[in-house]
Amino acid sequence: MPDHERFDGMLLSMAQQCEGGIQELLDIIFNFLARKTDFYVGSSKGAAEKLLLEKFHAHEKKALDRAAKEKQENEEEERRRKERLAKREAEEKREQEKLDSEPAVKELTDEEAEKLQKEIDEKKAAGDSQVEPEKDSPSSEDKETKSKEEEEEDEKDKNKLKPNAGNGADLPNYKWTQILSEVEIRIPLPIAVKARDVIVDIKKKSLTVGIKGHPLIIDGETCKEVKVEESTWCLEDKKTILINLEKVNKMEWWSQIVTTDPEINTKKVQPENSKLSDLDDDTRGTVEKMLYDQRQRELGLPTSDDQKKNNILKDFMAAHPEMDFSKAKFSG
């Protein structure tokens, strides 16, 4: 069978130079046949027209069948996209309802108040002279070691890109963003194309993207594994390829799409810019608590557990103003 795609690059180049569109392109082709071949006069009368219609109808059928298949595939992709979007919105709504239903201040039960009072009495009975031992301040040697480690880390990350607003990168040929569960890639095209002219090959450890007859835009090994069956792509407005890659590991940030791309500094990723709603409740709660506590420790502020203990104590103290807590000592 003839390789119909071997002239795609040349024909696409011709089409781009025809400002009059398909009419001008066809006029050029038939003008060429009339001037440089015996297409019109080399056989019996009507043979050229018959041949032309025969080829026209053969390729028309292929085009219609392909268009119907593409429409069905696009509708299926759109259905899956809407299902995923609806799932996220439903989970976000449930999370918001859960937050709204929780009381702003948690009141102590009689049992909790009694237990806390007992602990306070025991500490007071131990004597006012009890003083918590001060934490040893880090030695100059420890500080120097820590400083060297930080310098080494900074040196390692020095040439890495700062993440964009979507925790990804803006590269010369495309832009990508990410949340913990997936990566989104947007590739602007220099010309308007149809879906059949686009090459997108998503595999577990590689990604290939381009336009037929042109150099590939992305072609390489992905930095992490991809869940192929949950990943999708579509063509937006004939000039943008949109790709959604579902991550296998939903608990880590990607530093690049393919290993030949420049890396971003994942230490500067802003978790609050990412939607965690597509994780299950337990995992999402663990991740959010972990990120919050990490940020609090870096700022020298109390963690969520410390805050919970302090809030219980404050509530109890507010409920018992007659008690003197000035000399009571508590350890975190």
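Quick note: structure is the one above.
A brief report on the enclosed structure follows.

1. Some remarks on the overall build of the protein chain
- Secondary structure assignment for the protein chain yields seven helices and eight strands.
- Accessible area of the protein chain: about 24100 Å², with a carbon and sulfur share of 51%.

2. Quick word on the packing of aromatic side chains
- Considering all chains together, one arrives at one aromatic pair under this definition.
- Ring geometry for Phe-39 and Tyr-40: centres 5.1 Å apart, planes at 80°, overall edge-to-face.
- Overall, the relative accessible area of 44% leaves Tyr-40 in the partly exposed class.

3. With respect to the sheet that holds strand S6 (residues 218-221)
- Pairing within the open sheet is antiparallel, and its three strands lie in the order S4-S5-S6. With partners counted over all chains shown, the strands left at the sheet margins are strand S4 (198-202) and S6, one partner each. Between one strand and the next, the sheet's axes are offset by a mean angle of 5°, whatever the strand orientation.
- Taken together, the five bridges between S4 and strand S5 (residues 206-211) define a ladder with antiparallel strand orientation. Among the inter-strand pairings, Val-200 is bridged to a residue of S5, identified as Val-209.

4. Quick notes on the environment of Ala-67
- Considering the arrangement of structural elements, one finds Ala-67 in helix H3 (residues 47-101).
- Taking the C-alpha atoms as reference, Ala-67 lies 8.9 Å from Arg-196; in sequence the two are 129 residues apart.

5. Let's talk about a negative patch on the surface
- A cluster of like negative charges, contributed by Asp-110, Glu-111, Glu-112 and Glu-114, occupies part of the molecular surface.
- One can find Glu-111 in helix H4 (residues 110-125).

6. Focus: the environment of Tyr-292
- Looking at where Tyr-292 falls in the secondary structure, it is placed in helix H6 (residues 281-298).
- For the pair Tyr-292 and Ser-304, spaced 12 residues apart in sequence, the C-alpha to C-alpha distance is 7.7 Å.
- Sequence-distant contacts of Tyr-292, defined by excluding residues within four places in its chain, comprise Ser-304 and Gln-307.

Conventions we followed
Residues numbered from 1 in each chain as written. Predicted model: local features only at pLDDT ≥ 70, side-chain atom pairs only at ≥ 80, totals over all residues. Heavy atoms only, no water. Helix = DSSP H or I, 4+ residues; strand = E, 2+ residues; numbered from the N terminus. Areas by Shrake-Rupley, 256 points an atom, 1.4 Å probe, with all protein chains shown as cover. Phe/Tyr/Trp six-rings, centres within 6.5 Å; stacked < 30°, edge-to-face > 60°. Buried < 20%, exposed > 50% of the residue type's maximum accessible area, 1.4 Å probe, protein only. Pairing = 2+ DSSP bridges. Axes fitted to C-alpha atoms, helices over the stretch in contact; angles between N-to-C directions. Patch = residues over 30% accessible without salt bridge, like charges linked within 9 Å, V, L, I, M, F, W, Y side chains within 5 Å. Salt bridge = Lys/Arg side-chain N within 4 Å of Asp/Glu carboxyl O. Lys, Arg positive; Asp, Glu negative; His and termini not counted. Charge placed at Lys NZ, Arg CZ, Asp CG, Glu CD. Contact = heavy atoms within 4.5 Å.

The values reported here are purely geometric and, on their own, carry no functional implication.
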